[in-house]
Amino acid sequence: MWLCRHLGLLFRQWHSKHRCLWRHQSRGLGNYFKVSRDILFPYIKDHLEEYLSAHWEEDECKQDVHLLKKQVEEDLRLHRACAQHSLDQSGHTDEEKAIREVVDNVLWQMASDRKSTALKQLQGHMWRAAYAAGRIKGEVYQDVVPSIRRWRRQGLKVYIYSSGSVEAQKLLFGYSVEGDVLDLFDGHFDTNIGTKVESKSYVRIAERMGCPPEEIMFLTDVTREAKAAEDAGVNVAVVVRPGNMELTEEERSHYNLITTFSQLEVNGSA
Ligand SMILES: CSCCC(=O)C(=O)COP(=O)(O)O
């Protein structure tokens, strides 16, 4: 999440006290949502083969598979590790084999916590169908909606930057247990702007927001992301939620830590 206010005072205060907030999680919107690890990702694993078989001939699914194949080509070109095919493919039709290859690749990417745009696009499309059918909901932490509403009343602009596709972000907040709360956000960014562990992504986002990096606060629960944002001159706070990755002693002393959004006050007194 990003907060941006063009008045400067808020951020100068926060900056001087190192009260920098920006949310993010190690494995999917963990600053906001309880469910990515427990519901969203298992949903993909459990329904992937069924989804691909049902939608294989549709243009959108073909595009998703095409993007995944391009990613495999890129991985091979860069000598990155690739998925190993798990099943004996003999006795299967060409379509079944092709689906199996995609399933293996997607499961492998997820096990490796890859954040490729190709993976995120397919996941977004699968979740869209699941939200529409009422099978899943975005279970937002209790402190999130009231805190963001308060910040917005105080004049902050709030953005999402997630490895999840913009479409998936909108679904998560559009179908949340609190109802459609998309009005909380002024904009969305995903890996199309660059990965969250690259400093230049944060520079580009600041440019898009029309806001100097030092007037922006980034909340994350991933310290590699926090480091990249800091390197770009953005203020950072690390959000500690149950089940997140353990922080080292050094990380604990270096970063401003919060356990709930309600600890962030616009006057800088977190
Ligand atoms: C947008 S819904 C699922 C989030 C997701 O797929 C993911 O990988 C989370 O990434 P984030 O950058 O939000 O930690």
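Residues numbered from 1 in each chain as written. Predicted model: local features only at pLDDT ≥ 70, side-chain atom pairs only at ≥ 80, totals over all residues. Heavy atoms only, no water.

Looking at an unreviewed UniProt entry, one finds the protein chain named Enolase-phosphatase E1 and attributed to Oncorhynchus tshawytscha.

Looking only at helices and strands, the protein chain features ten helices and six strands. Here the protein chain, with 270 residues, has 51% of them falling under the buried criterion. Just so you have it, the protein chain exposes about 12,700 Å², and 49% of that area is on carbon and sulfur atoms. (Helix = DSSP H or I, 4+ residues; strand = E, 2+ residues; numbered from the N terminus. Buried < 20%, exposed > 50% of the residue type's maximum accessible area, 1.4 Å probe, protein only. Areas by Shrake-Rupley, 256 points an atom, 1.4 Å probe, with all protein chains shown as cover.)

One way to put it is that helix α3 (residues 59-77) packs onto helix α5 (residues 117-132) with a least axis distance of 8 Å and a crossing angle of 155 degrees. What the angle tells us is that α3 and α5 run roughly antiparallel. As α3 runs across α5, the sense of the crossing is left-handed. Residues Glu60, Gln63, Asp64, Leu67, Leu68 and Gln71 of α3 form the contact with α5, whose participating residues are Thr117, Ala118, Leu119, Gln121, Leu122, His125 and Arg128. For the contact of α3 with α5, the residue count by class is five nonpolar, five polar and three charged. (Axes fitted to C-alpha atoms, helices over the stretch in contact; angles between N-to-C directions. Parallel < 35°, antiparallel > 145°, perpendicular 65-115°, else oblique. Left-handed = near helix turned anticlockwise from the far one by under 90°. Contact = heavy atoms within 4.5 Å. Nonpolar A, V, L, I, M, F, W, Y, C, P; charged D, E, K, R; others polar.)

Attention now goes to the environment of Asp231. Here Asp231 shows up in helix α9 (residues 223-231). With relative accessibility at 49%, the residue Asp231 sits in the partly exposed group. Taking the C-alpha atoms as reference points, Asp231 and Ser199, separated by 32 residues in sequence, lie 6.0 Å from one another.

The next thing to look at is the nonpolar core. In terms of nonpolar packing, the biggest core is built from 48 residues, with Leu52, Val106, Trp127 and Leu219 touching the most fellow members. Shared between two domains, this core takes at least three residues from each, and those domains are domain 1 (4-36 + 138-267) and domain 2 (40-132). By size, the runner-up hydrophobic cluster in this structure holds 20 residues, among which are Phe189, Ile205, Met209 and Ala232. (Core = buried A, V, L, I, M, F, W, Y, C linked by side-chain atoms within 4.5 Å. Domains from an automatic or database assignment.)

Moving on, we come to the side chain of Thr191. Looking at where Thr191 falls in the secondary structure, it is placed in the loop between β3 (187-189) and α8 (199-209). What makes Thr191 buried here is its relative accessible area of 12%. One polar contact links Thr191 to Thr117, side chain to side chain, over a distance of 2.8 Å. With residues near it in sequence (within four places) discarded, Thr191 still touches Lys115, Thr117, Ser162 and Ser163. (Polar contact = N/O pair within 3.5 Å; in protein donor to acceptor, adjacent residues only side chain to side chain.)

As a note on interpretation, predicted positions should not be read in detail where pLDDT is low. Mean pLDDT for the protein chain: 84, with 83% of residues reaching 70 or above. Every residue in residues 4-28 is under pLDDT 50, and counting partners more than four places away or in other chains gives 125 contacts. Across the predicted assembly, pTM comes out at 0.78 and ipTM at 0.96. (pLDDT = per-residue confidence, 0-100.)

On to the domain arrangement of the protein chain. The domains assigned to the protein chain are domain 1 (4-36 + 138-267) and domain 2 (40-132). Of the residues lining the interface, 17 residues belong to domain 1; the matching set on domain 2 comes to 13 residues. Between domain 1 and domain 2, a total of about 1,300 Å² is buried, with carbon and sulfur atoms accounting for 58% of that surface. Taken together, domain 1 and domain 2 are joined by one salt bridge. In this structure, Glu167 engages Arg128 in a salt bridge whose closest nitrogen and oxygen atoms are separated by 2.8 Å. Here domain 1 and domain 2 share three residue pairs in polar contact (both at pLDDT 80 or more) between them. (Buried area = accessible area lost by both parts, 1.4 Å probe. Salt bridge = Lys/Arg side-chain N within 4 Å of Asp/Glu carboxyl O.)

It is worth spelling out the packing of aromatic side chains at this point. This structure, assessed with the given rule, holds seven aromatic pairs. Grouped by ring-pair contacts, the aromatic residues Tyr161, Tyr202 and Phe218 constitute a single cluster. Lying across the ring of Tyr161, Lys196 places its NZ or CZ 5.6 Å from the centre. Above the face of the Tyr141 ring, Arg241 is positioned so that its terminal group lies 4.0 Å from the ring centre. (Phe/Tyr/Trp six-rings, centres within 6.5 Å; stacked < 30°, edge-to-face > 60°. Lys NZ or Arg CZ within 6 Å of the ring centre and 35° of its normal.)

The next subject is α9. Buried residues of α9: Thr223, Glu225, Ala226, Ala228 and Ala229, and no others. Contacts made by the buried residues of α9 are with α8, β4 (216-220), β5 (235-239) and α10 (249-254). Following α9 by one or two positions, Gly233 has its phi on the positive side, about 90 degrees.

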